[in-house]
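# Inside the fold
Residue strings, one per chain:
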Amino acid sequence: MRLGTMNRRVTIRQPTAPTRNAMNEPVTGWATLGTFWAQQDERQSRATESTQAGQTRAQLTRVWDLRWTERTAQIGLKDRAVCEGVEYEIEAVTEVGRRAGIRITATGPVPL
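Below or above, wherever it landed, is the structure these notes cover. (Residues numbered from 1 in each chain as written. Predicted model: local features only at pLDDT ≥ 70, side-chain atom pairs only at ≥ 80, totals over all residues. Heavy atoms only, no water.)

## Side note on the pattern of salt bridges
Per the stated rule, a full pass over the model turns up four salt bridges. The closest approach of N and O atoms between Glu-87 and Arg-13, which form a salt bridge, is 3.1 Å. Taken together, the residues Glu-87 in strand E8 (residues 86–96) and Arg-13 in strand E1 (residues 8–15) connect sequence positions 74 residues apart. The class of Glu-87 is partly exposed, set by a relative accessible area of 31%. (Salt bridge = Lys/Arg side-chain N within 4 Å of Asp/Glu carboxyl O. Helix = DSSP H or I, 4+ residues; strand = E, 2+ residues; numbered from the N terminus. Buried < 20%, exposed > 50% of the residue type's maximum accessible area, 1.4 Å probe, protein only.)

Next up, the structure:
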């Protein structure tokens, strides 16, 4: 991973401990772990379309590579990634090399 190719800013959000609202229902909040420079892998990014209950839904899968740090090592499957104002659910987190980087695969809505 070269620093010159990392041209995207990805914010990672982690769920906080659930609290209760006025109806005593659990509400999960989101706390920001950090904002990191990332390289988006255009070759592995793809858009899909599916139909459920008569509704057509489009999804976009993105793949980002981040440098490995103590904070990026905390990223997990329950977290969310925000890039260019679009929120994605993280589906996979894999280590690239030996503590060289982190590869995040996430899906979200197609931005308009």
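Text resumes after the structure shown.
## Some words on the pairing of strand E9 (residues 101–109)
The side chains of a regular strand alternate between both faces of the sheet. Burial analysis of E9 places seven of its nine residues in the buried class, the great majority of the element. Bridging between strand E6 (residues 55–67) and E9 involves nine bridges; their strand directions are antiparallel. By the bridge assignment for E9, Thr-61 is matched with Thr-107. Alignment of E8 against E9, held across seven bridges, turns out to be antiparallel. Within E9, the position partnered with Glu-95 by the bridge is Ile-102. (Pairing = 2+ DSSP bridges.)

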